[in-house]
Amino acid sequence: MKKTNHCDSFRGENYYSKTVCYKMKLSFVLIFMTIVELSATTVFSQNKIDFNYRDVPLKKILDEIKLQTDFNFFYNIKEIDDKKRMSFKAEKEPLRVVLKKLGDQEYLDYTINGKHIILTKRKLLNKSTLPSVQEKEIKGVIRESSGSPLPGASVLVKGTDIGTLSDFDGNFSIQVPDGKNTLIISYLGFATTEVDIAGKITIDITLQSEANQLEDVMLVGSRSNVARTNVERAAPVDVLRTQDLVSTGQTELAQQIHFQAPSFNSTKYGIVNVTSYVDPATLRGLGTDQTLVLINGKRRHQSAALNVNRVVGRGSVGTDLNAIPSAAIERIEILRSGAAAQYGSDAIAGIVNLVLKDDYDKNSITAKSGISSRSDGAVYDFSVNLGNRIAEKENSYLNTTFYFHHNEETDRKDTYSGFVFDRDDEVNDALLVEQNGFDRDKDVGTKFGQSRNTMGAIIFNGAYPINESWEVYGFGGISHKKLLSFGFFRQPGRVERAVPEIYPLGYSPLYPATSTDAQVSLGVQNDLRDGWNFDLSVTYGKNWLATYTENGANASFGIFTPTEFYLGNNNFGHTSVNTSISKTYRDINMLKSLSLAFGAEFKNEEYQITVGDRVSYSEGPFADQGEFSSSGKIGFSAREAVDKNRANYGVFVDIESDISEALLVGVAARVEDYNGFGANVSGKLNARLKFTKNFSLRASVNRGFRAPSLHQLNFSANDPQFGINAQGEDDSINILHIRNDDPTVRKLGYGNLDAETSWDYNVGITAKLGKKILLTLDAYRVDVQDRIIISESLDVNDIGLPELFTEQNIAEIQFFTNAVDTKTTGVDFVGTYTERFGANDDKTFTTTLSATLNKTEFNSEVRTSQELQALGVTEVVGERMRGLVEVAQPKNKFILSLDYKSKRFFTTVRLTRFGEVSDVDSRDGNSEFQVKEAKFVTDLSLGFNFSEKFSWNASVNNLFDVFPDRNLYGGRFNGLSPYGRSTSQFGVMGSFFSTGFNFNF
């Protein structure tokens, strides 16, 4: 996949200053102190040019040079007639030789800046032979709306052939004849502007992009070299830029996307084991592990944490997006369509591609702090982004981001209402509470809300051209988190968990963890003969998650129990080797374009569970009371410890063609073979038909697959989970999760997991109404066969197998199955209206309405084995798990965003409607899930640019302090979890206020 994006705009060359050299050295030192120096994205270097055209338009010659070199041409069509017919021949000659020959033949001058070639008409007139004309000098600067200078912009005196170009800082100077009062300013991709200069000697010009944010050219979903906007593609893609993410007021990446992209959901959960460390993130209402995350087009490793808790995403493992700071990201591309044929397993729901910054001449410092309306959850964010050349090499870059984040925990529990000292006699318990001076607020350390998190990260991205043909690139980084989540209150009256000598008033365990993510991708890229592009890369990424317990106990050791435990590590990583070769033909035979791509991939995955402290999982000498492990979380024993790896091999072909100006067709296929699992074939067919220039129909069909993760194949644990016990009470239940290769699972009629396979159908329309309105509407259906899902927690007594588990104090067991098929249907809508006004159209008002409506449901009977049915189990997947799949995520989400930007001031008002959800832990008297109503959340952000270098911003999230509905029937855990733990539309933060600044240098 082509990752080039640093060729999209001109960059300044003033990096030779001592200050920038110092910054470059500082970047190198800091990178070597962490992981590795290098970095990535891609550039296509020039090649020997070879063609022979007779009697063709000049534009045909320029397009051929661009095709063979990937250099872009910029020129004023009023100055240079690109329709003029001509003949020209190049015989395997370097670019500069070809440009000189073309310039001499057509009387053109050229300037090369990075990957851009600026053409101007060669001046043939001798001023000394012209009549004397009085002139005045006009100076000015040309910028885009963000304030960045536009080098190479064309400045033309209207009604003459007098013109010039802006320099690398956007500055220009031009001599204007007397009587001429209008300049024409033009730049590719921006609206041409006429400026009145009467009575002026200096002017400041801001050019507005001709395309709004929905028309960004993107990389994901196509390997064609033909630049296409979203409305020109055969599949829908959302593009979110850094400023879009920042405008949400959120501080972590997953939540920033959550409030920008309706089809993407990721919220905070409280008191949910490892889910407190990695926020579940889903796309189009499907599973957490059915979305593939890429960085610069290369696969990102997943988290080591498997979510086995009764929350959204149960049984799945996702990618920790919050390990990557938005300060390092140029843009995010969200492909809302299956793409397993192009990118491999896991891309059933779609792709999230994070494109890293590649600036070499921009540097910034950003800082932000905030706090909730309840004076908790304080946040501190700080980042430094540095862009440099590497050894002052032209077309090289090294962009580095240093990031620090800290947020305190929040607490949204109610006053504890359960028993404390005596479970059987409430009157006596109330008396004991009073006699012991127990405070139901202060003496209960449980906190329900977001976890405490301290994170540091370094992310880098760079490229270095070795010569005219070869380039080395690389990117990656490291992040480290220190996390703290909270456990439920252990009452002194619950004797099986009590150690009154240490905790006379009971205790609330703390669950610290450290999570480290590291990734590095290195590659080389080369333009082969005849326009073929070659790419070879190696990526290694890994997550280490170490878990602990503090303020806890193992009651079976009595007064000898430790209060702190190391529970063990979960580790997951992968190494992938990718190679691809591609070429785009233009005007070949009867086709307008033909893009061919072939490639292969090798991937090796590794998964480990390491043993914790012995006392964290062992039964002590005082085990009569029924406790045998550390409180709340049981350490991993030698029985659960694993060290597994798996290799897979894949080959793919990807073809895309503009059959005509109106019809685009693409087809892709991939074959992958997993060691110990088998082969699978995925495919894709898509098309886009333009009925008019501004109205198109698009459609696609994808067959995808997702192999069982190593976590799902190898995870096992004895895990106490809070749920509803046999008496209908909130309680902690010891649940043994068994691996599928365990003989017990085979006795129950289940065994090896199969891959999930999917059929994905998409159809949509795109429309542009003038230059102000842009609309997209896409409908989809995703059928998943053999969905991997955790079984119901089966009571060992009910299924007649207590003899296997009595020594382990196990109440229930669970395991993975392929027991159901699911169907997801939905509609996505995006509409944008943009109005520009002001003296130079430097003020912009944008209204965006985006929405998603979807529904996921079981599409088959639950496949319960005969062995389980013989034991009296009617369904291996029960109502609670079914509810987490079908109704625990919002079925619809609407986002209305109003944005205003001027040179000095910017503001955003965002109204988000989160659809209803159902809580599987809260059931009424008829055993129906409690339905939690839809809610509106309002966010406000504003800012002020004091200068080109310094800006200030402030935001209020959830302005009206809206909360989800409280649980009415269960899952409240005596007030410690009033809003429930199984689902969350938008978290329980409430109003949050923040402010920050940005300094460019």
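Heads up: the structure comes first, above all this text.
Residues numbered from 1 in each chain as written. Predicted model: local features only at pLDDT ≥ 70, side-chain atom pairs only at ≥ 80, totals over all residues. Heavy atoms only, no water.

1. Looking at the overall build of the protein
Summing up its helical and strand segments, the protein has 11 helices and 47 strands in all. Looking at the 1001 residues of the protein, the share that counts as buried comes to 60%. Surface accessibility of the protein: about 38500 Å² in total, with carbon and sulfur atoms responsible for 54%. (Helix = DSSP H or I, 4+ residues; strand = E, 2+ residues; numbered from the N terminus. Buried < 20%, exposed > 50% of the residue type's maximum accessible area, 1.4 Å probe, protein only. Areas by Shrake-Rupley, 256 points an atom, 1.4 Å probe, with all protein chains shown as cover.)

2. Things to note about the sheet that holds strand β18 (residues 329-335)
Taking strand neighbours across the sheet as the criterion, the five strands line up as β13-β18-β19-β16-β17 in an open arrangement whose pairing is mixed. The strands lining the two open edges of the sheet, one partner per strand, are β13 (237-241) and β17 (298-299). Where β13 meets β18, five bridges bridge the pair, whose relative direction is antiparallel. When the bridges of β18 are listed, Asp 238 appears paired with Ile 334. (Pairing = 2+ DSSP bridges.)

3. Thoughts on helix α3 (residues 95-106)
For α3, which comprises 12 residues, the first-to-last C-alpha distance of 16 Å matches the rise-based estimate of 16 Å (1.5 Å per residue) to within 8%. Within α3, the full set of buried residues consists of Leu 95, Val 98, Leu 99, Leu 102, Gly 103 and Glu 106. One face of α3 carries all of its buried residues, which in axial projection span an arc of 130°. Among the residues trailing α3, Tyr 107 stands out with phi positive, at a value near 60°. (Expected span 1.5 Å × (residues − 1). Arc of directions from axis to C-beta.)

4. What to know about the nonpolar core
In this structure, Ile 813, Phe 815, Leu 868, Val 876 and Val 877 are the most contacted members of the largest nonpolar core, which totals 30 residues. For this core, the secondary-structure elements that each account for two or more residues are β39 (816-837) and α11 (879-886). Considering every element that reaches this core, the biggest residue donor is α11, with three residues. With 28 residues, the next largest nonpolar core counts Phe 264, Ile 295, Leu 356 and Tyr 780 among its residues. (Core = buried A, V, L, I, M, F, W, Y, C linked by side-chain atoms within 4.5 Å.)

5. Things to note about the sheet that holds strand β7 (residues 154-157)
Two pairing modes exist for strands in a sheet, parallel and antiparallel, and in both the strands are linked by backbone hydrogen bonds. An order of β8-β7-β10-β11 is seen for the four strands of this open sheet, with the pairing classed as antiparallel. In this open sheet, the two edge strands, each paired with only one partner strand, are β8 (163-165) and β11 (193-196). Across this sheet, the average inter-strand angle for adjacent strands is 25°, counted without regard to direction. (Axes fitted to C-alpha atoms, helices over the stretch in contact; angles between N-to-C directions.)

6. Things to note about empty space enclosed by the protein
Space inside the largest cavity adds up to approximately 440 Å³. If you go around the largest cavity, you meet 28 residues; those closest to its centre are Gln 250, Gln 255, Lys 268, Gln 450 and Met 989. Within the residue set of the lining of the largest cavity, elements represented by two or more residues are α5 (253-258) and β45 (935-945). A per-class count over the lining of the largest cavity returns nine nonpolar, 16 polar and three charged. (1 Å grid on protein atoms, 1.4 Å probe; cavity = no way out; pocket = protein on both sides within 12 Å on 5 of 7 lines; lining within 4 Å. Points joined across faces, edges and corners; volume = space filled by probe spheres on them. Nonpolar A, V, L, I, M, F, W, Y, C, P; charged D, E, K, R; others polar.)

7. Considering the packing of aromatic side chains
Taken as a whole and judged by the stated rule, the model has 25 aromatic pairs. For the ring pair Phe 691 and Phe 695, a centre distance of 5.8 Å and an interplane angle of 40° mean the geometry is tilted. Taken together, the ring pairs connect Tyr 416, Phe 421, Phe 438 and Phe 489 into an aromatic cluster. The lysine or arginine in question, Lys 101, covers the ring of Phe 88, its NZ or CZ lying 5.6 Å from the ring centre. Directly above the aromatic system of Tyr 360 lies the positively charged group of Arg 389, at a separation of 3.5 Å from the ring centroid. (Phe/Tyr/Trp six-rings, centres within 6.5 Å; stacked < 30°, edge-to-face > 60°. Lys NZ or Arg CZ within 6 Å of the ring centre and 35° of its normal.)

8. Section: the side chain of Ser 326
Assignment of secondary structure puts Ser 326 in the loop between β17 and β18. A polar side-chain atom of Ser 326 sits 3.3 Å from a polar atom in the side chain of Gln 256. (Polar contact = N/O pair within 3.5 Å; in protein donor to acceptor, adjacent residues only side chain to side chain.)

9. So, the pattern of salt bridges
All told, the structure shown has 48 salt bridges when counted by the stated rule. Ionic pairing is found between Asp 376 and Arg 412, a salt bridge with its closest N-O pair at 2.7 Å. Pair noted here: Asp 376 is in the loop between β20 (364-372) and β21 (379-388) and Arg 412 is in the loop between β22 (397-407) and α7 (426-435), with a separation of 36 residues, a long-range link. Take Asp 376: its relative accessible area is 16%, and that puts it in the buried class. A relative accessible area of 5% places Arg 412 in the buried class. Note that Arg 781 is salt-bridged to Asp 783, the shortest N-O span being 3.0 Å. (Salt bridge = Lys/Arg side-chain N within 4 Å of Asp/Glu carboxyl O.)

10. As for unusual backbone geometry
Phi is positive for Arg 284, which is not a glycine, with a value near 60°. By the element assignment, Arg 284 lies in the loop between β15 (281-283) and β16 (291-295). Under the relative-accessibility criterion, Arg 284 is labelled buried at 0%. Positive phi outside glycine occurs at Glu 392, with the angle close to 60°. In this structure, Glu 392 sits in the loop between β21 and β22.

11. With respect to the pairing of strand β47 (residues 992-1000)
Across nine bridges, β20 lies against β47 in antiparallel orientation. In the strand pairing of β47, Gly 370 is matched with Ser 994. Note that strand β46 (residues 950-957) and β47 share eight bridges and pair antiparallel. Bridge assignment links Phe 950 to a residue of β47, and that residue is Phe 999.

12. Quick look at the packing of helix α2 (residues 58-69) against α3
Between α2 and α3, the least distance of the axes is 12 Å, while the angle of their chain directions is 170°. Judged by the angle between their axes, α2 and α3 are roughly antiparallel. Touching Leu 58, Ile 61, Leu 62, Ile 65 and Thr 69 of α2 are Leu 95, Val 98 and Leu 102, all from α3. Of the residues belonging to the contact of α2 with α3, the class tally is seven nonpolar, one polar and no charged. (Parallel < 35°, antiparallel > 145°, perpendicular 65-115°, else oblique. Contact = heavy atoms within 4.5 Å.)

13. Describing the environment of Leu 536
Note that Leu 536 resides in strand β26 (residues 533-549). For the pair Leu 536 and Val 472, spaced 64 residues apart in the sequence, the C-alpha separation amounts to 9.8 Å. In this structure, Leu 536 is in contact with Tyr 473, Leu 522, Gly 523, Val 524, Val 577, Asn 578 and Thr 579, ignoring residues within four places of it in sequence.

14. Looking at α2
In an α-helix, one turn spans 3.6 residues; hence positions three or four apart end up facing the same way. With 12 residues, α2 should cover 16 Å at 1.5 Å per step; its first-to-last C-alpha distance of 17 Å lies within 8% of that length. For α2, every residue scored as buried is listed here: Leu 58, Ile 61, Leu 62, Glu 64, Ile 65, Gln 68 and Thr 69. Seen from one end, α2 has its buried residues packed into an arc of 160°, which puts them on one side. Against β1 (49-57), β2 (72-74), β3 (85-93), α3, β5 (116-121) and β25 (510-527) lie the buried residues of α2. Phi for Asp 70, located one or two positions after α2, is positive at around 65°.

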